[in-house]
Amino acid sequence: MIKGFKEFILRGNVIDLAVAVVIGAAFTAVVNAIVASIINPLIELVWKPDADGKVGITVQGLWGPVTFPIGDLLNAIIAFIAVAVVVYFVFVYPMNRIKERAAAKAGVTPADEEPKLPTEQELLVQIRDLLQTERPSGRA
C-alpha cells in the first residue's frame with residue numbers, strides 16, 4: 001500500500017498539479033490586488049459607490065434603493081481571465097510543447113493523425129458493391 005502511494009505521489013502529474021495549485025493561489029492574490037487597486041477605481045469613475053461601498057446600478061425598490069453590484073461581477077470576470085491566461089501560457093502551453101517534442105523523439109504520431117474513418121456515404125457504396133458481387137447474375 002505504501003509503495004502504491006509512493007508511485008502515485010512521484011508521478012509527474014501529481015507534482016505538476018501541486019505546483020500549479022500553489023502558484024495559482026499566489027497569483028490569484030496578485031490579481032485580486034491589481035483588480036482592487038486599479039480596476040475598481042476605474043469602475044468607480046463610471047459608477048458611484050452606494051452607502052455600503054458597492055459599485056453598480058442602483059434601482060429604487062419597494063423598501064429602498066437596491067444596488068446591483070456590477071463592480072463585483074467585473075472584478076470576478078477580470079480576475080478569472082487573468083488567472084486563466086497565466087495558467088495557460090505558463091503551465092499548459094509549455095507542457096504541451098514538451099510532450100509534443102518527447103512524442104516526436106519517441107516516434108509516436110499525435111492523435112490528430114489517426115486514420116480517417118469512412119463517411120456514411122462511402123460505407124453505403126461499399127455495402128452496395130458487396131451486395132452486387134454476391135448476387136447471382138441471373139437475378140435482378
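The model shown is predicted, which means the values in this text are computed figures rather than measured ones.

You can see A79 is positioned in helix α3 (residues 70–106). Owing to a relative accessible area of 12%, A79 belongs among the buried residues under this scheme. For A79 and A29, which are 50 residues apart along the polypeptide, the C-alpha to C-alpha distance reads 9.6 Å. If we skip the residues at most four places from it in the chain, A79 touches V31, N32 and V35.

Together, L73, I77, F80, I81, V85, Y88, F89, V92 and Y93 line one region of the surface with nonpolar side chains, adding up to about 870 Å² of accessible area. Considering the arrangement of structural elements, one finds L73 in helix α3.

Once that is clear, we can look at the nonpolar core. Listed in full, the seven residues of the largest apolar core are V31, V35, I39, I43, V55, A79 and V83. Mapped by element, the contributors of at least two residues to this core are α2 (12–46) and α3. If you tally residues by element for this core, the top one is α2, at four residues.

Moving on to the pairing of strand β2 (residues 64–68). Judged from the five bridges that link them, strand β1 (residues 57–61) and β2 form a sheet pairing that is antiparallel. Opposite I57, over in β2, you have F68 as the bridge partner.

Here E44 lies in helix α2. Put simply, E44 and G71 are 27 residues apart on the chain and 8.2 Å apart in space, counted from C-alpha to C-alpha. For E44, the residues in contact, after removing those within four places along its chain, are P49 and V55.

Let us now look at α3. Taking 1.5 Å as the rise per residue, α3 with 37 residues should run 54 Å; its terminal C-alpha atoms sit 52 Å apart, in good agreement. The axis of α3 is deflected most strongly, by about 40°, at Y88. Listed in full, the buried residues belonging to α3 are G71, N75, A79, V83 and F91. Once α3 ends, the next one or two residues include G107, with phi positive near 85°.

Our focus in this paragraph is the pattern of salt bridges. For side chains bearing opposite charge, pairing can occur when the charged atoms are close. Counted under the stated rule, the structure contains two salt bridges. Here R97 makes a salt bridge to E100, at a shortest N to O gap of 3.9 Å. Of this pair, R97 and E100 both sit in helix α3, separated by three residues, roughly a single helical turn. Note that R128 and D129 form a salt bridge whose closest N and O atoms lie 3.1 Å from each other. Given a relative accessible area of 34%, D129 falls into the partly exposed group.

Moving on to the confidence of the model for the chain. Mean pLDDT over the chain stands at 77; residues scoring 70 or higher make up 84%. Element-level mean pLDDT values for the chain span from 71 in helix α1 (residues 2–10) up to 88 in helix α4 (residues 120–134).

Definitions and cut-offs
- Residues numbered from 1 in each chain as written.
- Predicted model: local features only at pLDDT ≥ 70, side-chain atom pairs only at ≥ 80, totals over all residues.
- Heavy atoms only, no water.
- Helix = DSSP H or I, 4+ residues; strand = E, 2+ residues; numbered from the N terminus.
- Buried < 20%, exposed > 50% of the residue type's maximum accessible area, 1.4 Å probe, protein only.
- Contact = heavy atoms within 4.5 Å.
- Patch = residues over 30% accessible without salt bridge, like charges linked within 9 Å, V, L, I, M, F, W, Y side chains within 5 Å.
- Areas by Shrake-Rupley, 256 points an atom, 1.4 Å probe, with all protein chains shown as cover.
- Salt bridge = Lys/Arg side-chain N within 4 Å of Asp/Glu carboxyl O.
- Core = buried A, V, L, I, M, F, W, Y, C linked by side-chain atoms within 4.5 Å.
- Pairing = 2+ DSSP bridges.
- Expected span 1.5 Å × (residues − 1).
- Bend = angle between axes of the 7 residues up to and from the residue.
- pLDDT = per-residue confidence, 0-100.

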